[in-house]
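These are the residues of each chain, in order.
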Amino acid sequence: MKKLLFKTKNFLSENDIYNFGKNNKVLLLMFFCLIVGMTIGSISAGCINFETLDKLNSIFLTDFKQRISQNRVEVFVSSLSMYFIFALILEISALSVWGIVSVPILLVFKGMGMGLSGGYLYLVYGLKGIAFYILILVPGIFVSSIAFALFGVCAFKSSVAISKKILPKPSGDALWPCLKSNIKKLGYCTLLLCFSAFLDMAFMMMFSIFFEF
């Protein structure tokens, strides 16, 4: 057993996987929260009645029946607004010590929405729903998940930095360099969200003609 663990560690080290995981623990935690949320959402979809599921789908993503009838500008603006609102909630959480707890919970909640939407489309529309989910929703979901994980990292680290300053024995570096670094990173994350909204628009325009709900 020890030999197997040693070989596994060597393999991971040789391929820089081990070092990546070691140096990006917070990022991996954010992705883990999203995946856990998606798993819970997918499983929960089969345990909720259709009426409740329909309401939850509208809350977590958007009403895809309405989106499919929107023009390209409306789809882009709708997606971008939805992404920015959630990103803003994440960043507001970063301004308090509670962000250490609330940021992972918010990402689990977001993941649940993604999982519930996929489960809803499958349960109500079968293979047609899965095709819609994969062809139209998944590209934007994939890129936005990366962006939200990065937003989560910035929010989490900011919250940790603030927490260190209000402890009985304050520690850590000055807050401004940390916040300044995070602001720069948030700019790149925002570009990713814009790209996600563009993907939503592009794939909706390309494939929506094949679906009618």
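Residues numbered from 1 in each chain as written. Predicted model: local features only at pLDDT ≥ 70, side-chain atom pairs only at ≥ 80, totals over all residues. Heavy atoms only, no water.

## With respect to the packing of helix 3 (residues 25-45) against helix 8 (residues 127-166)
Point 1. In contact at an axis separation of 9 Å, helix 3 and helix 8 are set at 135° when each is read in the N-to-C sense. When the axis of helix 3 is compared with that of helix 8, the two are oblique. In this structure, the crossing between helix 3 and helix 8 has a hand that is right-handed. Between helix 3, through V26, L27, M30, F31, L34 and M38, and helix 8, the contact on the second element is made entirely by Y133, S145, I146, A149, L150, G152, V153, F156 and K157.
Point 2. Considered class by class, the residues forming the contact of helix 3 with helix 8 number 12 nonpolar, two polar and one charged. (Axes fitted to C-alpha atoms, helices over the stretch in contact; angles between N-to-C directions. Helix = DSSP H or I, 4+ residues; strand = E, 2+ residues; numbered from the N terminus. Parallel < 35°, antiparallel > 145°, perpendicular 65-115°, else oblique. Left-handed = near helix turned anticlockwise from the far one by under 90°. Contact = heavy atoms within 4.5 Å. Nonpolar A, V, L, I, M, F, W, Y, C, P; charged D, E, K, R; others polar.)

## Remarks on the nonpolar core
It is characteristic of soluble globular proteins that their nonpolar side chains tend to be buried jointly.
Point 1. In terms of nonpolar packing, the biggest core is built from 28 residues, with M30, L90, L107, F148, F151 and L193 touching the most fellow members.
Point 2. The biggest single contributor to this core is helix 8, with eight residues.
Point 3. Ignoring sequence-local partners within four residues, the contact set of L90 consists of V103, L106, L107, F148, F151, G152 and A155.
Point 4. If you look at the next biggest cluster of nonpolar residues, it comprises 12 residues, including V75, M114, Y120 and M204. (Core = buried A, V, L, I, M, F, W, Y, C linked by side-chain atoms within 4.5 Å. Buried < 20%, exposed > 50% of the residue type's maximum accessible area, 1.4 Å probe, protein only.)

## Quick look at the confidence of the model for the protein chain
Point 1. Here the protein chain shows a mean pLDDT of 77. Residues at 70 or above account for 74%.
Point 2. Summarising per-element confidence for the protein chain, the mean pLDDT is lowest in helix 1 (residues 2-14) (46) and highest in helix 3 (88).
Point 3. Within the model, pLDDT remains below 50 along residues 3-9, and this stretch shows one contact once partners closer than five positions in the same chain are excluded. (pLDDT = per-residue confidence, 0-100.)

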